[in-house]
Number of protein chains: 4
Amino acid sequence: MLVVMQPNASSADIDRVCEEITRQGFKPLPLPGEVRTAIGLLGDDAKVDWSYIEGLPGVSSVLIVQKPFRQASREWKPEQTIVEIAPGVRFGGSEVPIVAGPCSVETEEQILTAARQVKAAGGVALRGGAFKPRSSPYAFQGLGKQGLELLALARRETGLAIVTEAMDERGADLVAEYADCIQIGARNMQNYSLLRHVGTLKKPVLLKRGMAATINDLLLSAEYVLSEGNPNVILCERGVRTFDSATRNLFDLTAIPVVQKLSHLPIVADPSHGTGLRDKVTPMARAAVAAGADGILVEMHPTPDKALSDGAQSLYPDQFTDLVKQLRTIASAIGRSITSI
Amino acid sequence: MLVVMQPNASSADIDRVCEEITRQGFKPLPLPGEVRTAIGLLGDDAKVDWSYIEGLPGVSSVLIVQKPFRQASREWKPEQTIVEIAPGVRFGGSEVPIVAGPCSVETEEQILTAARQVKAAGGVALRGGAFKPRSSPYAFQGLGKQGLELLALARRETGLAIVTEAMDERGADLVAEYADCIQIGARNMQNYSLLRHVGTLKKPVLLKRGMAATINDLLLSAEYVLSEGNPNVILCERGVRTFDSATRNLFDLTAIPVVQKLSHLPIVADPSHGTGLRDKVTPMARAAVAAGADGILVEMHPTPDKALSDGAQSLYPDQFTDLVKQLRTIASAIGRSITSI
Amino acid sequence: MLVVMQPNASSADIDRVCEEITRQGFKPLPLPGEVRTAIGLLGDDAKVDWSYIEGLPGVSSVLIVQKPFRQASREWKPEQTIVEIAPGVRFGGSEVPIVAGPCSVETEEQILTAARQVKAAGGVALRGGAFKPRSSPYAFQGLGKQGLELLALARRETGLAIVTEAMDERGADLVAEYADCIQIGARNMQNYSLLRHVGTLKKPVLLKRGMAATINDLLLSAEYVLSEGNPNVILCERGVRTFDSATRNLFDLTAIPVVQKLSHLPIVADPSHGTGLRDKVTPMARAAVAAGADGILVEMHPTPDKALSDGAQSLYPDQFTDLVKQLRTIASAIGRSITSI
Amino acid sequence: MLVVMQPNASSADIDRVCEEITRQGFKPLPLPGEVRTAIGLLGDDAKVDWSYIEGLPGVSSVLIVQKPFRQASREWKPEQTIVEIAPGVRFGGSEVPIVAGPCSVETEEQILTAARQVKAAGGVALRGGAFKPRSSPYAFQGLGKQGLELLALARRETGLAIVTEAMDERGADLVAEYADCIQIGARNMQNYSLLRHVGTLKKPVLLKRGMAATINDLLLSAEYVLSEGNPNVILCERGVRTFDSATRNLFDLTAIPVVQKLSHLPIVADPSHGTGLRDKVTPMARAAVAAGADGILVEMHPTPDKALSDGAQSLYPDQFTDLVKQLRTIASAIGRSITSI
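This one's a predicted model, so the numbers in the text were calculated from it and none came from an experiment.

> Before we go on, may I ask you to explain the pairing of strand 5 (residues 83-86) of chain A in this structure?
Within a regular strand, side chains alternate between the sheet's two faces. Residues and elements named next belong to chain A. Pairing between strand 5 and strand 6 (residues 89-91): three bridges, direction antiparallel. In the strand pairing of strand 6, Ala-86 is matched with Val-89. Hairpin connection of strand 5 to strand 6: two residues between the antiparallel strands, including Gly-88 at a positive phi of 85°.

> Explain the pairing of strand 10 (residues 161-165) of chain B here, please?
Residue and element names in this part refer to chain B. Where burial is concerned, most of strand 10 is hidden: five out of the five residues are buried. The two faces of strand 10 match: Ala-161, Val-163 and Glu-165 on one face and Ile-162 and Thr-164 on the other face are all buried. As paired strands, strand 9 (residues 125-127) and strand 10 are joined by three bridges and run parallel to one another. The partner of Arg-127 across the bridge, within strand 10, is Val-163. Handedness of the crossover joining strand 9 and strand 10 through helix 4 (residues 145-158): right-handed.

> Would you explain the interface of chain A and chain B in this entry?
The accessible area lost on association of the parts is a frequent measure of interface size. The interface of chain A with chain B comprises 49 residues on the first partner and 48 residues on the second. When chain A packs against chain B, the two sides together hide about 3,700 Å² of surface, and 44% of this comes from carbon and sulfur. Between B:Asp217 and A:Arg241 there is a salt bridge, with the nearest N and O atoms lying 2.9 Å from each other. The interface formed by chain A and chain B holds 20 residue pairs in polar contact (both at pLDDT 80 or more) in total. Elements that contribute at least two residues to the side of chain A that touches chain B include exactly helix 2 (50-54), helix 5 (169-178), helix 6 (192-199) and helix 7 (215-227) of chain A.

> How should the interface of chain C and chain D be read in this particular structure?
Taken together, the contact between chain C and chain D spans 49 residues of the former and 48 residues of the latter. Taking both sides of the interface into account, the surface hidden between chain C and chain D amounts to around 3,800 Å²; carbon and sulfur atoms contribute 44%. One can count four salt bridges joining chain C with chain D. In this structure, the connection of chain C to chain D is made through 20 residue pairs in polar contact (both at pLDDT 80 or more). For the side of chain C that touches chain D, the leading source of residues is helix 7 (residues 215-227) of chain C, giving five residues.

> Got a minute to help me understand the relation of the copies chain A and chain B in this structure?
The relation between the two chain copies is a rotation about an axis coupled with a shift along that axis. You can overlay chain A on chain B at an RMSD of 0.0 Å; the transform is a turn of 180° with a shift of 0.0 Å along its axis. As the rotation angle and translation indicate, the two copies are arranged about a two-fold axis. No C-alpha of chain A lies nearer the rotation axis than that of A:Ala212, which sits 2.7 Å from it. The fraction of interface residues of chain A whose copies in chain B are also interface residues reaches 98%, indicating that both copies meet through the same surface.

> How should I be thinking about the environment of B:Leu56 in this particular structure?
One can find B:Leu56 in the loop between helix 2 (50-54) and strand 4 (59-63). Apart from the residues within four sequence positions on either side, B:Leu56 is in contact with A:Asp305, B:Arg16, B:Val17 and B:Glu20.

> When you look at the side chain of B:Asp252 in this model, what are you seeing that I'm missing?
Position of B:Asp252 among the secondary structure elements: in the loop between strand 13 (233-237) and helix 8 (255-262). Look at B:Asp252 and you get buried, because its relative accessible area is 7%. One polar contact links B:Asp252 to B:Arg209, side chain to side chain, over a distance of 2.8 Å. When near neighbours in sequence (up to four residues on either side) are disregarded, B:Asp252 contacts B:Arg209, B:Glu237 and C:Leu250.

> Just to check I follow, could you spell out the state of the cysteines for this structure?
Should the sulfur atoms of two cysteines be covalently bonded, the bond is a disulfide. Summed over the entire model, instances satisfying the criterion amount to zero disulfides over all chains. Among the cysteines around D:Cys236, which has no disulfide bond, D:Cys181 carries the closest sulfur, lying 10 Å off.

> Could you clarify how one ought to interpret the side chain of B:Thr81 in this entry?
Residues and elements named next belong to chain B. Topologically, Thr-81 is positioned in the loop between strand 4 and strand 5 (83-86). For Thr-81, a relative accessible area of 8% corresponds to the buried category. Polar contacts involving the side chain of Thr-81 include one to the side chain of Lys-77, which spans 2.5 Å. Within the local environment of Thr-81, its side chain forms a polar contact with the side chain of His-264, the two groups lying 2.7 Å apart.

> So what exactly am I meant to see when it comes to the UniProt feature "domain: DAHP synthetase I/KDSA" (unreviewed entry) in chain A here?
Under the UniProt annotation, the feature "domain: DAHP synthetase I/KDSA" (unreviewed entry) is placed at residues 89-327 of chain A. Strand forms 15% of residues 89-327 of chain A and helix 41%; the C-alpha atoms that close the span are 17 Å apart.

Cut-off values and rules
- Residues numbered from 1 in each chain as written.
- Chains lettered and ligands numbered in written order.
- Predicted model: local features only at pLDDT ≥ 70, side-chain atom pairs only at ≥ 80, totals over all residues.
- Heavy atoms only, no water.
- Pairing = 2+ DSSP bridges.
- Helix = DSSP H or I, 4+ residues; strand = E, 2+ residues; numbered from the N terminus.
- Buried < 20%, exposed > 50% of the residue type's maximum accessible area, 1.4 Å probe, protein only.
- Right-handed = clockwise from strand over helix to strand, strands pointing away.
- Contact = heavy atoms within 4.5 Å.
- Buried area = accessible area lost by both parts, 1.4 Å probe.
- Salt bridge = Lys/Arg side-chain N within 4 Å of Asp/Glu carboxyl O.
- Polar contact = N/O pair within 3.5 Å; in protein donor to acceptor, adjacent residues only side chain to side chain.
- Least-squares fit on C-alpha atoms with pLDDT ≥ 70 in both.
- Disulfide = S-S within 2.5 Å.
- UniProt positions renumbered as here; feature names shortened; annotations may be inferred.

Next comes the structure, spelled out in structure tokens:
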């Protein structure tokens with residue numbers, strides 16, 4: 001940490017900052033400059049209460065050196081984490097798994113058809129919501145436990161791993177019972193009670209980036225899960241809020257190499273929510289793999305025209321089949337491969 | 001709703017859209033133009049599944065006419081809602097209540113001192129967190145139930161109403177037991193399970209705007225609470241994410257008149273979180289009242305230098321006393337008054 | 001400046017950074033920490049080429065201490081600058097001038113009527129575009145030189161000072177000839193050729209904040225004008241881009257106290273462009289004065305329904321008259337007054 | 001266009017809107033609904049002055065159907081435009097040209113070395129600034145005309161096409177004399193005087209997206225150039241402003257397929273400015289080609305450590321050589337190829 005004093009700070013101001021740093025158990029190091037003084041602080045400054053120091057008289061700003069997340073950082077664990085949600089479905093290695101399926105589980109026929117199509121096209125995991133966070137209380141909210149049972153049925157029929165969202169603690173317990181990976185949605189990325197709870201469960205967690213979350217925020221939310229003892233966290237880029245209504249979200253693919261430098265956790269991308277538009281999903285899924293994504297989540301529906309939610313961003317089964325072929329070529333171009341099981 | 005077709009849409013495309021509108025129970029009205037056709041839809045289009053129609057062949061875009069929120073809208077209820085959280089502490093009328101207190105409840109002495117200072121300066125409600133949503137799992141997380149007991153003690157000592165945050169359903173039940181108003185924080189604005197739960201409780205809810213929430217999102221989240229039967233919702237502007245790091249958030253005061261036109265619910269402003277900087281709190285609190293805010297939330301700490309959280313944005317007691325005086329003048333300039341009890 | 005090394009940086013990496021700092025003429029000061037080393041740099045680091053150092057092996061990040069603007073900073077000139085654009089029309093003192101008028105100069109009758117209404121209501125300067133930057137090349141682009149002549153005529157008739165926009169160098173020369181203050185619009189805030197040019201003219205400059213400009217960017221653009229020898233720069237907050245389409249822009253009133261702390265230059269606010277909606281102009285103009293704005297720019301049109309541009313955000317003359325009355329009360333509440341001449 | 005009335009709008013309000021639509025030369029079509037009336041407008045609504053209608057009594061909102069740009073739209077010209085800036089260097093076809101070079105032209109040796117390295121690695125055009133728009137007036141501003149002469153020399157030596165920026169009209173005339181393509185930078189994207197001027201020149205224009213420009217804004221700026229008679233416009237995505245400081249900008253690759261659907265103009269991507277970080281350039285350049293970019297702009301410097309500007313985002317020559325190889329494989333995966341000459 002570096003405390004930058006104002007040019008007109010008095011020596012009493014400087015002394016007070018030094019005393020406070022000492023009081024907090026650290027060693028201050030004043031650096032007098034031509035125009036102003038800065039005060040360095042040696043040691044692990046993640047524990048310093050900088051907000052107090054920032055408010056002291058004569059302080060211009062506080063520059064934080066340490067990253068506030070720890071277990072999620074590459075400095076804590078340099079080697080890449082590989083999260084295996086089911087036999088052979090590994091995120092973070094050289095293979096890139098494709099997770100696909102409808103926005104919501106609707107009927108037995110719909111989800112079984114979808115699962116078979118995902119499997120046939122080359123996907124290795126099935127996504128589909130049983131609990132749906134909808135902006136409007138009047139929109140379809142999902143089938144709940146019955147949806148989970150249908151997902152489990154689809155797994156028995158096809159062998160696909162199951163990834164599905166939980167919105168609260170009770171839901172997370174149920175999801176952990178039926179599925180292979182608990183998804184935490186963008187709207188709950190800073191629902192710390194829920195994060196702590198899934199940190200105590202034994203299932204991998206797929207944590208989606210919030211709509212206005214910085215990479216730092218995302219890694220801090222992952223830290224909540226890790227700090228409770230669950231090391232199996234997969235991060236997911238799914239677009240952030242922006243000023244242009246041309247797309248639903250701004251799909252931030254640079255987040256992929258940024259996360260991969262800062263953290264050992266795998267990061268996947270969701271071009272369906274990231275763009276919100278069916279005809280943008282294929283190019284952006286290709287771009288995500290080219291950028292180095294450790295997996296892809298795609299919405300596909302047997303009959304998007306009849307979907308109860310998000311139909312406009314779901315691929316048709318044929319489009320999904322074509323996409324997987326393209327992704328195989330892109331992956332090989334960067335020395336990776338699309339996971340097959 | 002208006003479905004805008006592409007210029008090259010075929011008549012079969014147009015027919016298909018009309019059929020789908022009919023299938024959903026509405027009446028389509030084609031409007032042929034010089035360059036392209038648009039299709040109007042008569043009736044209450046809040047129930048239409050537009051996302052499906054948007055994905056049909058030949059469709060260029062779908063323009064939504066109805067607002068997706070209902071009970072929160074002025075069209076549903078033209079007269080202003082007044083939420084009274086304790087005798088005389090009314091939000092939404094001509095009086096403007098001031099809610100103040102520390103970021104966190106820390107000790108009995110701290111909270112009692114703060115409460116007496118708030119009371120003496122002219123505040124009518126005490127804020128202070130017992131459950132704290134912190135970005136980092138390693139930061140101080142609040143005293144929990146003990147904090148609520150201290151808040152209740154402060155109420156007995158001073159007569160101030162109590163506003164405090166709940167982060168999950170269990171916490172909300174506890175807060176409802178001890179406090180006068182349940183605050184839902186920005187990070188939980190779209191935690192729909194929690195919103196539904198507080199909708200079933202009998203206490204007023206203060207709902208903070210999420211960091212990237214549109215006004216529409218905020219009103220839809222209020223709709224979750226209203227739709228469960230709790231009509232006492234106070235909205236709160238507290239700043240949104242932006243590209244400029246000069247302030248912690250971008251305090252969107254225009255949200256106040258915007259909400260007041262769209263909704264009958266009261267809206268208050270929190271300049272402490274809205275700016276994140278102590279020396280910006282006073283001018284922006286004045287600006288909020290001048291813009292028509294139905295109440296003000298301010299962080300004040302007996303000794304900000306020793307605060308366990310957010311010390312840098314807390315006012316000193318003297319600053320708060322001066323602020324209340326200024327607010328009285330500003331309120332009278334627009335024909336309102338600061339609530340006294 | 002502080003160069004933060006990666007935890008695994010070698011001593012060769014550290015030496016190289018120190019050498020580079022020395023090569024650039026500064027003195028490096030290594031600060032070994034528990035986890036990593038940081039390297040302080042003593043002296044005026046505004047001249048350091050940090051981008052090169054940031055790219056050196058082993059460097060984690062570079063923290064800049066000095067502000068990149070100089071003449072615009074309060075550290076350079078602690079006393080407030082007062083810009084007088086015409087006798088008695090002073091920005092930056094305790095008096096707050098109101099500048100009003102139509103978006104565009106349209107006809108002699110329109111601009112003379114507007115000027116008389118502005119004068120009668122209590123405004124001291126007339127705004128109105130002769131050169132209009134329009135998003136579409138097919139929209140009305142202004143009357144050009146003829147518009148300037150009409151503005152000069154309005155000044156002779158009413159005594160109001162004239163503020164009008166220039167979009168290029170030739171236009172700036174013309175504006176300087178006819179008007180009292182050259183406005184640089186948001187879209188040209190980083191048109192450095194134009195900024196340098198108006199820096200060589202003898203007229204005050206009103207510089208509007210760009211749609212995605214940070215406060216730092218705004219002050220750096222002001223620095224372009226100051227560095228050419230023109231000290232009379234008035235800054236203007238007029239809203240920034242955001243994700244919510246509820247208003248045209250997000251009006252950032254906190255920019256007012258932020259600029260006032262960092263810079264000695266006056267800052268005014270434009271609630272008409274800042275909100276884009278007529279019925280939000282009055283509350284937000286009040287809020288701007290309450291926040292401490294050094295002046296207000298408002299669009300008013302004799303007949304907004306017939307305006308050739310931006311009619312929907314122009315006040316009716318009666319609304320403007322009422323607004324000025326309200327602003328007098330708000331100004332007095334904070335110890336200031338609205339300028340009268 | 002659809003004018004949506006408020007639920008409580010009177011029939012007089014409705015009549016007035018219809019009259020105004022008629023007055024502007026269009027045909028109104030009232031659509032009475034259950035809750036409110038909407039009024040359709042038939043014909044080419046790009047010419048309607050909607051801002052006035054939006055301000056009429058009883059109007060809730062105005063929904064615009066027509067796109068405001070014309071010549072830039074695919075509806076105007078369905079077939080893809082191919083811009084050839086030099087023999088064989090075509091943007092918009094199946095071949096993808098790579099443009100590379102240093103941020104600034106610094107010396108004869110530097111630019112000749114860079115040009116030879118670009119050529120050897122497989123680039124077909126040289127970029128390099130002679131006129132540099134710098135945030136600070138004190139930073140290096142480019143060599144000006146001498147820089148253009150050095151670029152022309154590099155073209156004679158290597159056969160590479162030249163792309164370089166102009167900041168004002170005089171500069172554009174000079175650039176047109178020496179180079180093959182005039183770049184308009186992000187800061188000048190809405191400098192309409194400059195856009196009009198380059199619209200009258202005979203050289204292709206590479207138009208960079210502004211820092212907070214929507215796709216719509218970008219196409220409207222292109223319209224300024226097209227409307228003056230210059231059909232050769234290449235658009236460029238280079239990142240937009242965002243709330244996360246983890247990267248300099250948010251690189252919006254979805255803009256590529258979005259533009260390709262709306263417009264016939266080619267669009268290229270600049271991962272160097274789009275990310276601002278050298279180690280993110282390679283993955284994001286790959287992602288851009290995978291997303292369908294019609295060309296790539298990359299900063300490469302013979303010795304980035306010694307660059308006078310933007311050194312931290314310039315690739316080393318070896319990195320650039322490796323990147324071109326990777327791009328060839330990615331391009332072939334989507335049925336395209338990297339341009340060779």
